[in-house]
Amino acid sequence: VNNLDSSVFTNHAFINASSWGMKIQQTDYFLETLLGYLSPKTVLVVTAPIDFEHDYRGREIYDEQKLTRFFNDGNLFRTHLQYVSAKYLLGSVGPVLRDRVGRKTYYSLDFDVGGCVPLDLDSEGFERLTDRWEKPVAQEEAVDEANYAGLAAMAERCDERGIRFVFVQPPIREDILTEKDREFLNNRHWPRLSQICQDKGASFHNFHGNLPVTEADFADSTHLNRQGARKLSRAILRGLEP
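Note that this is a predicted model, so its numbers are computed, not measured.

**Student:** Account for the overall build of the protein chain, with residues named and values stated.
**Tutor:** Along its length, the protein chain carries 9 helices and 3 strands. When the helices and strands of the protein chain are read in sequence order from the N terminus, they spell out α-β-α-α-α-α-α-α-β-α-β-α. A compact globule built from 242 residues should have a C-alpha radius of gyration of about 18 Å, and the protein chain, at 18 Å, falls within 12% of that. Along the three orthogonal principal directions, the C-alpha set of the protein chain runs to about 45 × 45 × 40 Å. Residues classed as buried in the protein chain amount to 44% of the 242 residues present. Intrachain contacts of the protein chain at a sequence separation of at least 6 include 75% that bridge at least 24 residues.

**Student:** Just give me the short version of the pairing of strand 3 (residues 203-206), but keep the residues and values in it.
**Tutor:** In this sheet, strand 3 lies alongside strand 2 (residues 164-169) in parallel orientation, the contact comprising 4 bridges. Bridged to valine 168 within strand 3 is histidine 205. In this fold, strand 2 hands off to helix 8 (residues 179-199), which returns the chain to strand 3; that crossover is right-handed.

**Student:** Please set out the packing of aromatic side chains residue by residue, giving values where relevant.
**Tutor:** This model, assessed by the stated rule, comprises 7 aromatic pairs. With a centroid separation of 6.1 Å and an interplanar angle of 20°, the aromatic rings of phenylalanine 165 and phenylalanine 167 are classed as stacked. A residue is classified by how much of its surface remains accessible, and phenylalanine 167, at 0% relative accessible area, is buried. Ring pairs connect the aromatic residues Phe52, Tyr148, Phe165, Phe167 and Phe204, which therefore count as one cluster. If you follow arginine 173 out to its NZ or CZ, it ends over the ring of tryptophan 133, 3.8 Å from the centre.

**Student:** If you had to explain a nonpolar patch on the surface to someone new, which residues and values would you point to?
**Tutor:** Judged by side-chain polarity, Ile15, Tyr37, Leu38 and Phe71 come together as a nonpolar surface patch covering roughly 360 Å² of accessible area. Turning to its location among the elements, leucine 38 is positioned in the loop between helix 1 (24-34) and strand 1 (42-46).

**Student:** Describe the sheet that holds strand 1, listing the residues and the values that go with them.
**Tutor:** Spatially, 3 strands are ordered 1-2-3 in an open sheet, and the strand pairing comes out parallel. Edge positions in the sheet fall to strand 1 and strand 3, since each of these pairs with one other strand and no more. Shown here is a sheet whose adjacent strand axes are inclined to one another by a mean of 20°, direction ignored. Packing of helix 9 (residues 226-240) onto the sheet brings it into contact with strand 1 and strand 2, and relative to strand 2 it is tilted by some 150°.

**Student:** Which residues make up the side chain of serine 233, and what are the values?
**Tutor:** Looking at where serine 233 falls in the secondary structure, it is placed in helix 9. Of the residues examined, serine 233 reaches a relative accessible area of 0% and is grouped as buried. Dropping the residues within four chain positions of it, serine 233 is found in contact with Asn3, Leu4, Asp5, Val8 and Phe9.

Thresholds applied
Each chain has its residues counted from 1, following the order in which its sequence is written. A pLDDT threshold of at least 70 governs which residues receive local features in this predicted model, and a stricter bar of 80 or more applies before side-chain atom pairs are shown or counted, although totals over entire chains, interfaces and linings include all residues. Only hydrogens and water are set aside when side-chain values are computed; all heavy atoms of the structure are taken into account. Counting from the N terminus, the helices are the DSSP runs of H or I reaching at least four residues and the strands are the DSSP runs of E reaching at least two. Atoms counted for the radius of gyration: C-alpha only. Globule rule: 2.2 Å times residue count to the power 0.38. Note on exposure labels: buried denotes an accessible area under 20% of the residue type's maximum, exposed denotes more than 50%, and partly exposed covers the range between, all computed with a 1.4 Å probe on protein chains only. Residue contacts follow a heavy-atom distance rule, with two residues in contact if any of their heavy atoms lie within 4.5 Å. Should DSSP find at least two bridges between two strands, the strands are taken to pair. If the strands point away from the viewer and the path from the first strand over the helix to the second runs clockwise, then the crossover is right-handed. Only Phe, Tyr and Trp rings are paired, with Trp represented by its six-membered ring, and only when their centres lie within 6.5 Å; those with planes under 30 degrees apart are stacked, over 60 edge-to-face, the remainder tilted. A ring has a charge above it when a Lys NZ or an Arg CZ is no more than 6 Å from the ring centre and no more than 35 degrees off the ring normal. Surface patches are drawn from residues lacking salt bridges whose relative accessible area is over 30%; two like charges belong together within 9 Å, two nonpolar side chains (Val, Leu, Ile, Met, Phe, Trp, Tyr) within 5 Å. Calculation of accessible area relied on Shrake-Rupley with a 1.4 Å probe; when residues are assessed, cover is drawn exclusively from the protein chains displayed. One speaks of a salt bridge when a side-chain nitrogen belonging to Lys or Arg is within 4 Å of a carboxyl oxygen belonging to Asp or Glu. Lines fitted to C-alpha atoms define the axes, with helix axes restricted to the stretch in contact, and inter-axis angles between N-to-C directions lie between 0 and 180 degrees.

This is the structure:
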(Lines give C-alpha, C1' and ligand atoms only; values in the text may rest on other atoms or scores of the structure.)
Protein backbone atom coordinates (compact mmCIF):
# COMPACT_ATOMS: atom_id res chain seq x y z
CA VAL A 1 0.00 0.00 0.00
CA ASN A 2 2.70 2.45 1.03
CA ASN A 3 5.77 1.64 -1.05
CA LEU A 4 4.50 2.64 -4.50
CA ASP A 5 3.81 6.01 -6.09
CA SER A 6 0.92 5.85 -8.57
CA SER A 7 2.11 8.93 -10.45
CA VAL A 8 5.12 6.99 -11.77
CA PHE A 9 2.85 4.50 -13.56
CA THR A 10 1.06 7.14 -15.66
CA ASN A 11 1.18 5.10 -18.88
CA HIS A 12 -0.11 1.92 -17.25
CA ALA A 13 -3.55 0.86 -16.05
CA PHE A 14 -2.68 0.66 -12.37
CA ILE A 15 -4.80 -0.56 -9.44
CA ASN A 16 -3.32 -0.84 -5.95
CA ALA A 17 -5.52 -3.55 -4.43
CA SER A 18 -3.42 -4.27 -1.35
CA SER A 19 -4.59 -4.12 2.24
CA TRP A 20 -2.77 -3.48 5.51
CA GLY A 21 -2.02 -6.36 7.82
CA MET A 22 -2.41 -9.30 5.46
CA LYS A 23 0.24 -12.00 5.39
CA ILE A 24 1.28 -13.61 2.11
CA GLN A 25 -1.11 -16.51 2.56
CA GLN A 26 -4.07 -14.13 2.95
CA THR A 27 -2.84 -12.10 -0.02
CA ASP A 28 -3.05 -15.29 -2.06
CA TYR A 29 -6.65 -15.84 -0.91
CA PHE A 30 -7.45 -12.24 -1.82
CA LEU A 31 -5.81 -12.57 -5.24
CA GLU A 32 -7.80 -15.74 -5.92
CA THR A 33 -11.00 -13.74 -5.46
CA LEU A 34 -9.79 -10.69 -7.37
CA LEU A 35 -8.90 -12.73 -10.45
CA GLY A 36 -12.58 -13.57 -10.77
CA TYR A 37 -13.17 -9.89 -11.56
CA LEU A 38 -9.92 -8.69 -13.14
CA SER A 39 -7.71 -9.93 -15.98
CA PRO A 40 -4.44 -8.05 -15.41
CA LYS A 41 -1.35 -8.41 -17.55
CA THR A 42 0.83 -8.14 -14.45
CA VAL A 43 0.38 -8.76 -10.74
CA LEU A 44 2.96 -6.88 -8.68
CA VAL A 45 3.39 -7.63 -4.98
CA VAL A 46 5.70 -5.50 -2.82
CA THR A 47 6.74 -7.46 0.26
CA ALA A 48 8.50 -7.25 3.62
CA PRO A 49 9.82 -10.02 5.90
CA ILE A 50 6.93 -9.40 8.32
CA ASP A 51 4.54 -10.60 5.59
CA PHE A 52 5.89 -14.12 6.18
CA GLU A 53 5.31 -14.22 9.93
CA HIS A 54 2.59 -16.12 11.79
CA ASP A 55 -0.83 -14.53 11.93
CA TYR A 56 -4.17 -15.46 13.45
CA ARG A 57 -6.06 -15.02 10.21
CA GLY A 58 -6.41 -18.11 8.04
CA ARG A 59 -8.81 -19.26 5.36
CA GLU A 60 -11.26 -20.37 8.07
CA ILE A 61 -12.16 -16.72 8.72
CA TYR A 62 -11.51 -15.44 5.19
CA ASP A 63 -15.12 -15.17 4.03
CA GLU A 64 -14.98 -15.30 0.24
CA GLN A 65 -18.77 -15.00 0.00
CA LYS A 66 -18.79 -11.69 1.88
CA LEU A 67 -16.02 -10.32 -0.33
CA THR A 68 -17.79 -11.49 -3.48
CA ARG A 69 -21.04 -9.84 -2.37
CA PHE A 70 -19.08 -6.65 -1.71
CA PHE A 71 -17.68 -6.67 -5.27
CA ASN A 72 -21.05 -7.51 -6.83
CA ASP A 73 -23.21 -5.03 -4.90
CA GLY A 74 -23.85 -1.85 -6.81
CA ASN A 75 -24.65 -0.02 -3.56
CA LEU A 76 -21.38 0.09 -1.62
CA PHE A 77 -22.94 2.23 1.12
CA ARG A 78 -25.43 -0.57 1.83
CA THR A 79 -22.61 -3.12 1.84
CA HIS A 80 -20.64 -1.08 4.37
CA LEU A 81 -23.69 -0.77 6.59
CA GLN A 82 -24.25 -4.52 6.43
CA TYR A 83 -20.85 -5.23 7.97
CA VAL A 84 -20.39 -2.14 10.09
CA SER A 85 -18.94 -2.64 13.57
CA ALA A 86 -20.55 -0.25 16.04
CA LYS A 87 -17.95 -1.15 18.66
CA TYR A 88 -15.10 -0.27 16.31
CA LEU A 89 -16.70 2.99 15.18
CA LEU A 90 -17.55 4.17 18.68
CA GLY A 91 -14.05 3.35 19.88
CA SER A 92 -12.24 4.98 16.98
CA VAL A 93 -14.35 7.92 15.85
CA GLY A 94 -12.52 10.40 18.12
CA PRO A 95 -8.97 9.52 17.00
CA VAL A 96 -10.08 9.27 13.36
CA LEU A 97 -11.62 12.74 13.43
CA ARG A 98 -8.47 14.17 15.04
CA ASP A 99 -6.30 12.50 12.41
CA ARG A 100 -8.38 13.78 9.51
CA VAL A 101 -8.75 17.33 10.82
CA GLY A 102 -5.25 17.88 12.17
CA ARG A 103 -3.34 15.77 9.60
CA LYS A 104 -0.37 15.63 11.94
CA THR A 105 -0.19 11.91 12.71
CA TYR A 106 1.08 8.82 10.94
CA TYR A 107 -2.47 7.50 10.50
CA SER A 108 -4.01 10.57 8.84
CA LEU A 109 -2.77 9.85 5.35
CA ASP A 110 -4.86 9.76 2.16
CA PHE A 111 -4.95 7.40 -0.82
CA ASP A 112 -3.63 8.75 -4.10
CA VAL A 113 -5.37 8.28 -7.44
CA GLY A 114 -4.09 4.71 -7.91
CA GLY A 115 -4.83 3.49 -4.40
CA CYS A 116 -1.36 4.02 -2.91
CA VAL A 117 -0.74 5.84 0.37
CA PRO A 118 2.23 8.18 0.14
CA LEU A 119 3.81 8.45 3.58
CA ASP A 120 4.99 12.02 3.12
CA LEU A 121 5.95 12.49 6.76
CA ASP A 122 8.86 14.91 6.63
CA SER A 123 7.53 17.46 4.17
CA GLU A 124 4.05 17.51 5.75
CA GLY A 125 5.26 17.72 9.34
CA PHE A 126 3.89 14.39 10.55
CA GLU A 127 5.14 12.98 13.79
CA ARG A 128 7.51 10.03 13.64
CA LEU A 129 6.20 7.07 15.63
CA THR A 130 9.05 5.56 17.65
CA ASP A 131 7.47 2.11 17.83
CA ARG A 132 7.24 1.94 14.02
CA TRP A 133 10.62 3.55 13.35
CA GLU A 134 12.35 1.04 15.64
CA LYS A 135 10.15 -1.97 14.84
CA PRO A 136 12.12 -5.21 14.14
CA VAL A 137 11.63 -6.45 10.60
CA ALA A 138 13.14 -9.94 10.27
CA GLN A 139 12.25 -12.31 13.10
CA GLU A 140 13.07 -15.77 11.74
CA GLU A 141 11.45 -17.58 14.67
CA ALA A 142 8.11 -15.97 13.77
CA VAL A 143 8.11 -17.12 10.14
CA ASP A 144 5.22 -19.35 9.06
CA GLU A 145 5.81 -21.94 6.31
CA ALA A 146 2.26 -21.36 5.08
CA ASN A 147 3.32 -17.98 3.71
CA TYR A 148 6.03 -19.47 1.49
CA ALA A 149 3.35 -21.85 0.21
CA GLY A 150 1.13 -18.80 -0.36
CA LEU A 151 3.80 -17.17 -2.51
CA ALA A 152 4.14 -20.34 -4.59
CA ALA A 153 0.35 -20.50 -4.99
CA MET A 154 0.15 -16.86 -6.13
CA ALA A 155 2.90 -17.34 -8.69
CA GLU A 156 1.36 -20.57 -9.96
CA ARG A 157 -2.12 -19.02 -10.10
CA CYS A 158 -0.80 -16.22 -12.31
CA ASP A 159 1.29 -18.55 -14.48
CA GLU A 160 -1.77 -20.70 -15.23
CA ARG A 161 -3.60 -17.59 -16.47
CA GLY A 162 -0.73 -16.16 -18.50
CA ILE A 163 -0.28 -13.28 -16.05
CA ARG A 164 3.19 -11.95 -15.29
CA PHE A 165 3.85 -12.20 -11.55
CA VAL A 166 6.45 -9.84 -10.07
CA PHE A 167 7.49 -10.08 -6.41
CA VAL A 168 9.47 -7.13 -5.04
CA GLN A 169 11.52 -6.63 -1.88
CA PRO A 170 12.02 -2.88 -1.32
CA PRO A 171 14.94 -1.50 0.67
CA ILE A 172 14.88 -1.93 4.45
CA ARG A 173 16.53 0.61 6.72
CA GLU A 174 20.03 -0.81 7.14
CA ASP A 175 20.48 0.51 10.68
CA ILE A 176 17.46 -1.45 11.94
CA LEU A 177 18.89 -4.82 10.83
CA THR A 178 20.91 -6.92 13.28
CA GLU A 179 23.59 -9.37 12.18
CA LYS A 180 21.11 -12.16 12.91
CA ASP A 181 18.56 -10.45 10.63
CA ARG A 182 21.08 -10.10 7.81
CA GLU A 183 22.17 -13.72 8.10
CA PHE A 184 18.55 -14.93 7.89
CA LEU A 185 17.58 -12.62 5.03
CA ASN A 186 20.69 -13.07 2.88
CA ASN A 187 21.23 -16.80 3.39
CA ARG A 188 17.72 -18.23 3.72
CA HIS A 189 14.76 -15.92 3.23
CA TRP A 190 15.63 -14.03 0.04
CA PRO A 191 17.26 -17.03 -1.71
CA ARG A 192 14.10 -18.99 -0.97
CA LEU A 193 11.86 -16.28 -2.43
CA SER A 194 14.03 -16.19 -5.52
CA GLN A 195 13.88 -19.97 -5.93
CA ILE A 196 10.10 -20.12 -5.48
CA CYS A 197 9.62 -17.43 -8.12
CA GLN A 198 12.08 -19.08 -10.49
CA ASP A 199 10.34 -22.46 -10.12
CA LYS A 200 6.93 -20.91 -10.85
CA GLY A 201 7.93 -18.76 -13.82
CA ALA A 202 7.74 -15.53 -11.82
CA SER A 203 10.22 -12.72 -11.16
CA PHE A 204 11.76 -11.73 -7.83
CA HIS A 205 13.46 -8.34 -7.59
CA ASN A 206 15.39 -7.56 -4.42
CA PHE A 207 16.11 -3.84 -4.17
CA HIS A 208 17.61 -3.98 -0.69
CA GLY A 209 21.18 -2.81 -1.15
CA ASN A 210 20.51 -2.33 -4.86
CA LEU A 211 18.65 0.97 -4.81
CA PRO A 212 20.34 4.21 -3.65
CA VAL A 213 18.32 5.29 -0.60
CA THR A 214 19.08 7.03 2.68
CA GLU A 215 17.28 7.37 6.01
CA ALA A 216 15.49 10.37 4.51
CA ASP A 217 13.64 8.01 2.13
CA PHE A 218 11.94 6.04 4.93
CA ALA A 219 8.79 6.59 6.98
CA ASP A 220 9.52 3.70 9.35
CA SER A 221 11.47 0.42 9.42
CA THR A 222 10.15 -0.95 6.13
CA HIS A 223 7.84 1.66 4.58
CA LEU A 224 9.27 4.24 2.24
CA ASN A 225 7.98 7.80 2.24
CA ARG A 226 6.82 9.54 -0.93
CA GLN A 227 10.39 10.29 -2.02
CA GLY A 228 11.54 6.71 -1.45
CA ALA A 229 8.40 5.23 -3.01
CA ARG A 230 9.02 7.26 -6.14
CA LYS A 231 12.57 5.88 -6.39
CA LEU A 232 11.35 2.32 -5.95
CA SER A 233 8.47 2.76 -8.39
CA ARG A 234 10.79 4.06 -11.10
CA ALA A 235 13.13 1.11 -10.57
CA ILE A 236 10.22 -1.34 -10.78
CA LEU A 237 8.87 0.38 -13.90
CA ARG A 238 12.22 -0.01 -15.65
CA GLY A 239 12.01 -3.73 -14.99
CA LEU A 240 8.43 -3.97 -16.29
CA GLU A 241 9.08 -2.19 -19.57
CA PRO A 242 10.10 -4.34 -22.55
